[in-house]
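Close look at the chain arrangement
The lines below spell out each chain.
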Amino acid sequence: MAEVEDLVRVGNASVVAPAGHGKTEVIAKIAARGNRTLILTHTHAGVHAIRSRLKRLNVPYTKAAVDTIAGWSMRYGHAFPGVARPPAGIPQGAEWDQLYAGAREALRISAVREVVAASYDRVLIDEYQDCGSLQHDLAIELSSIVPTIVFGDPMQGIFEFAGATLSWEEEIYPTFPLAGTLDHPHRWDGKNVDLGHWIAETRENLRLGQAIDLSDARISHRVSNDAFDMATLFEGIDDKRGTIAAIHCNKGICYRLAQGSNGGYQAIEEIAANRLNEFARAWDRARTAADRLRALASLISDCSRTVGGEVAEEEAEVEEALQALVPALGDGNGAEAAAKYLSLSRTHPRRRVHRGELWRECRRALEAVAAGRCETMFSASAHVRQRASTMGRNLPQRTLSTPLLLKGLEFDHVVVPLATHFLREDRAQAKLFYVAISRATRSLLISSPETAVTFPRP
């Protein structure tokens, strides 16, 4: 067990923190004991979570600086451009490697080291399993200036495809010796302690490559060999209160499952916002009302479906109003009419939207263009997504998404359709499964053809 009292006295160290075991609380409490702590993590959502915990614990703002690794590297890189040679603007692709390598070079300059040493008395780095080799090199350089503790969980290292393949035994522990492992599953206190123990036991079984017993009474198992078995998504749903997440590794299947649920579940969008950008490019290329209508119709088709049923009078009224808006799509940039078209389409009595986040972000981007805040849909889309990544996303009550997008979040209830589909992933099968199941705080339902499943040892 890694105790806060012990961690504030160690030098460079690492802490293994399984999902839901109070890592954010420990980080905040260590910061509270110092004079000025630098806390680094990977995402804006992570920054928000840490800041919220600091505030809840009444840790003064002056005691902790919280930033993403990328954001901190950009600030230091641009502060010392002669040494760091940072890429101009927001890095793209391989430019991220250039940014981290440049920030590390800057930290080797004595004047910069003096600035860091005078600014912080401790560095804490969160979600260390998501670090690539260049971020690791940067952390090592920081640790040669200021005592540094890294927190992470090898079993949540699901970004192997993006280069996060550090070996804890061979690469992390030599610089950051293991100080301990968090061992109490706080996430499940007062909710479902038995479920928390099952997930902790399953983590160890996954780590060892042992079979997972899905017939255990602490979870629910549904016999099914079909990821599209809608009964899995809706079994006992009327008795469930709170948030629900259905988790599948394939984002395309997530979209199809959400569509098949007729909007009962909402699929959320990947960070890259590929479909929003695709619409933005189509809209910016369009020159006529007909071209713009095609772009809108394609987006609406991808976000929703029209269910069967008797044609009502109000349906005819909506369709008539939509037709009346079409000529205005050709007026000026057409964005104001398009935003109205989307809003009105949502009121169609037989329309069931299953990608509501994409729908809303598209409408907001159109409104930004209509108001003159952005010149193009593409720039408006980038602005909308940047705001979402900074402010965080408001998830629907029933979410359908991948472990990659839901990592770090928690839900009252989790459904995992066809557990064996994780075996088809190229990398990190056991880790992806662990991330998926550990999102659940009150109940967990897993479907599979058999009552046991075994994943390759990670």
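Predicted model only: the values in this text are computed from it and were never measured.

A word on the sheet that holds strand β3 (residues 64-68)
Taking strand neighbours across the sheet as the criterion, the six strands line up as β3-β2-β4-β5-β1-β6 in an open arrangement whose pairing is parallel. The two strands at the open ends of the sheet, each matched to only one other strand, are β3 and β6 (178-181). Going across the sheet, the axis of each strand differs from the next one's by a mean of 20°, ignoring polarity. Examined bridge by bridge, strand β2 (residues 37-41) and β3 share five bridges and lie parallel to one another. Its bridge partner being in β3, threonine 37 is matched across the sheet by alanine 64.

Structural notes on the sheet that holds strand β10 (residues 266-267)
The six strands are arranged β8-β15-β14-β9-β13-β10 in an open sheet whose pairing can be described as parallel. If you trace the sheet from one side to the other, it starts and ends with β8 (220-223) and β10, each paired once. Here strand β14 (residues 411-416) runs beside strand β15 (residues 440-448); their pairing, made up of five bridges, is parallel. Counterpart to histidine 413 in the pairing with β15 is serine 443. Running at roughly 145° to strand β13 (residues 398-401), helix α12 (residues 251-260) makes contact with β10 and β13 of the sheet.

Considering unusual backbone geometry
Positive phi, normally seen in glycine, also occurs at asparagine 58, with a value near 60°. Assignment of secondary structure puts asparagine 58 in the loop between α3 (44-56) and β3. Even without being a glycine, alanine 428 presents a positive backbone phi close to 55°. Position of alanine 428 relative to the elements: it lies in the loop between β14 and α20 (429-437).

So, how was this worked out
Residues numbered from 1 in each chain as written. Predicted model: local features only at pLDDT ≥ 70, side-chain atom pairs only at ≥ 80, totals over all residues. Heavy atoms only, no water. Pairing = 2+ DSSP bridges. Helix = DSSP H or I, 4+ residues; strand = E, 2+ residues; numbered from the N terminus. Axes fitted to C-alpha atoms, helices over the stretch in contact; angles between N-to-C directions. Contact = heavy atoms within 4.5 Å.

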